[in-house]
Amino acid sequence: MANVELRNVTKVYEGGVKAVDAANIAVSDKEFVVLVGPSGCGKSTTLRMIAGLEEITSGELLIDGKLMNDVAPKDRDIAMVFQNYALYPHMSVYENMAFGLKIRKYAKKEIDVRVHEAAGILDIEELLDRKPKALSGGQRQRVAVGRAIVRKPKVFLFDEPLSNLDAKLRVQMRAEISSLHSRLQATMIYVTHDQVEAMTMGDRIVVMRDGLIQQVGTPLGLYNQP
Ligand code: ADP
Ligand code: ADP
């Protein structure tokens, strides 16, 4: 189970920028929710607060009803995939995928099983010995997703994961992430500025603007609105 709930969550950065303004978002267990809106509207900040990478100024983050505001990122059952992939350049693909498990003190054998399993799902088994610089953009993105999958988290967060890919690959990876959602049965929160991506991928869509939540609905529901 993993319901994610933001109650009246506000983020004011040092210097006074109010990036998120009293946001209320409730994501159900196993739901795929897309946060969409123009650049600078507070999507990434929202995601980073859920991950624990950014402090919440006021309001509450609850996961399965438990208050998470002060829980360290590594103790949240959450994995995040970044736009820039955030791969360690000096590590191989295998080491990149293993890293999050290693720092959480998983046994070598278990790490090995999980890395190979994730590599199989993502079709990157032949790449495990390569360094990130020897990979294409699409392959790097797969590794970044693989690094999240090996953790088997209850919640996945995606921060514009496809925006550095060319159009064709973007369409392909959208389908892959959607099928990953069915396969893994996890709760997923996905940030994009691309409305088509939001409409095609989301069970539900949260539209943000200037730190505020403007609309929430299913793709069909939003499409039919005036
Ligand atoms: P989005 O993901 O929708 O592009 P962000 O959450 O990145 O939006 O940013 C929301 C607002 O917060 C923007 O005005 C941005 O400039 C500001 N912001 C983001 N990160 C920081 C930061 N570390 N310090 C100060 N302001 C920030
Ligand atoms: P996870 O705990 O999800 O497996 P990691 O342990 O790989 O993630 O990374 C922990 C933190 O280090 C994350 O906040 C991530 O953004 C950051 N990070 C990961 N890779 C890099 C990198 N190559 N350069 C800078 N920061 C990174």
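Small disclaimer: the values here were computed from a predicted structure and weren't measured. (Residues numbered from 1 in each chain as written. Chains lettered and ligands numbered in written order. Predicted model: local features only at pLDDT ≥ 70, side-chain atom pairs only at ≥ 80, totals over all residues. Heavy atoms only, no water.)

**Brief notes about the sheet that holds strand β6 (residues 78-81)**
Convention followed: For two strands to pair, DSSP has to find at least two bridges joining them. Here a strand is any run of E in DSSP of at least two residues, a helix any run of H or I of at least four, and the numbering for each starts at the N terminus. Orientation is described by lines fitted to C-alpha atoms, with helices fitted over the stretch in contact, and by angles between N-to-C directions that extend from 0 to 180 degrees.
Within the open sheet, the 6 strands sit side by side as β6-β7-β8-β3-β9-β10. Their pairing is mixed. Looking at the sheet topology across the chains shown, the edges are occupied by β6 and β10 (212-217). If you compare each strand with its neighbour and ignore which way they point, the axes differ by 20 degrees on average. Of the pairings in the sheet, the one linking strand β3 (residues 32-36) to strand β8 (residues 187-192) comprises 5 bridges and is parallel in character.

**Some points on the side chain of arginine 142**
Here is the rule: N or O atoms closer than or at 3.5 Å make up a polar contact, with two conditions inside protein: a donor-capable atom paired with an acceptor-capable one, and, for residues adjacent in sequence, both atoms drawn from side chains.
Here arginine 142 is to be found in helix α4 (residues 137-149). Separated by 2.7 Å, the side chains of arginine 142 and glutamate 176 make a polar contact.

**Quick look at the sheet that holds strand β5 (residues 66-67)**
Sheet strands pair by backbone hydrogen bonding; their relative direction is either parallel or antiparallel. Defined as follows: We call two residues in contact when some of their heavy atoms are within 4.5 Å.
If you walk across this open sheet you meet the 4 strands as β2-β1-β4-β5, and the pairing is antiparallel. Since the sheet does not close on itself, it has two edges, and those belong to β2 (18-27) and β5, each with one partner. Pairing analysis gives 2 bridges linking strand β4 (residues 58-63) to β5, with the strands arranged antiparallel. Paired with isoleucine 63 across the two strands is lysine 66, which belongs to β5. The strands touched by helix α1 (residues 43-51) are β1 (4-12), β2 and β4; relative to β1, the strand with the most contacts, the crossing angle is about 120 degrees.

**Details of the site of ligand 1**
Which entries qualify depends on this criterion: It suffices for a single heavy atom of a residue to lie within 4 Å of a molecule or strand for the residue to be listed as near it.
The local shell around ligand 1 consists of Tyr13, Val17, Ala19, Pro38, Ser39, Gly40, Cys41, Gly42, Lys43, Ser44 and Thr45. Here cysteine 41 contributes a backbone N or O atom positioned 3.1 Å from an oxygen atom of ligand 1. In the model, an oxygen atom of ligand 1 is placed 2.7 Å from a nitrogen or oxygen of the serine 44 main chain.

**Some words on the site of ligand 2**
What counts here: The method behind every accessible area is Shrake-Rupley, applied with a 1.4 Å probe, and residues are considered shielded solely by the protein chains displayed.
Taken together, Leu53, Phe82, Ala86, Leu87, Tyr88, Phe99, Gly100, Ile103, Arg104, Arg147 and Arg151 are the residues near ligand 2. In the model, a nitrogen atom of ligand 2 is placed 2.9 Å from a nitrogen or oxygen of the leucine 87 main chain. Arginine 151 is positioned with one of its side-chain polar atoms (N or O) 3.0 Å from an oxygen atom of ligand 2. In the complex, 64% of the free accessible area of ligand 2, which totals 550 Å², lies under the protein chains.

**Topic: the packing of α4 against helix α5 (residues 167-184)**
Our working definition: Roughly parallel refers to an angle under 35 degrees, roughly antiparallel to one over 145, roughly perpendicular to one between 65 and 115, and oblique to any angle outside these ranges. Here a crossing is called left-handed whenever its near helix is offset anticlockwise from the far helix by less than a right angle, and right-handed whenever the offset is clockwise. For this scheme, ten residues count as nonpolar: Ala, Val, Leu, Ile, Met, Phe, Trp, Tyr, Cys and Pro. Four count as charged, namely Asp, Glu, Lys and Arg, and the remainder, Gly too, count as polar.
Taken N-terminus to C-terminus, the directions of α4 and α5 make an angle of 15 degrees; their axes are 12 Å apart at the nearest point. In terms of orientation, α4 and α5 fall into the roughly parallel class. Relative to α5, the crossing made by α4 is right-handed. In this structure, α4 uses Gly138, Gln141, Arg142, Val145 and Ile149 to contact α5, whose residues at the interface are Leu169, Gln172, Met173, Glu176, Leu180 and Leu184. A per-class count over the contact of α4 with α5 returns 6 nonpolar, 3 polar and 2 charged.

**Re the confidence of the model for the protein**
The condition that has to hold: Confidence scores here are pLDDT values: one per residue, from the predictor, ranging 0 to 100.
Overall, the predicted model of the protein reaches an average pLDDT of 95, with 100% of residues at or above 70. In the model output, the complex is listed with pTM 0.88 alongside ipTM 0.75.

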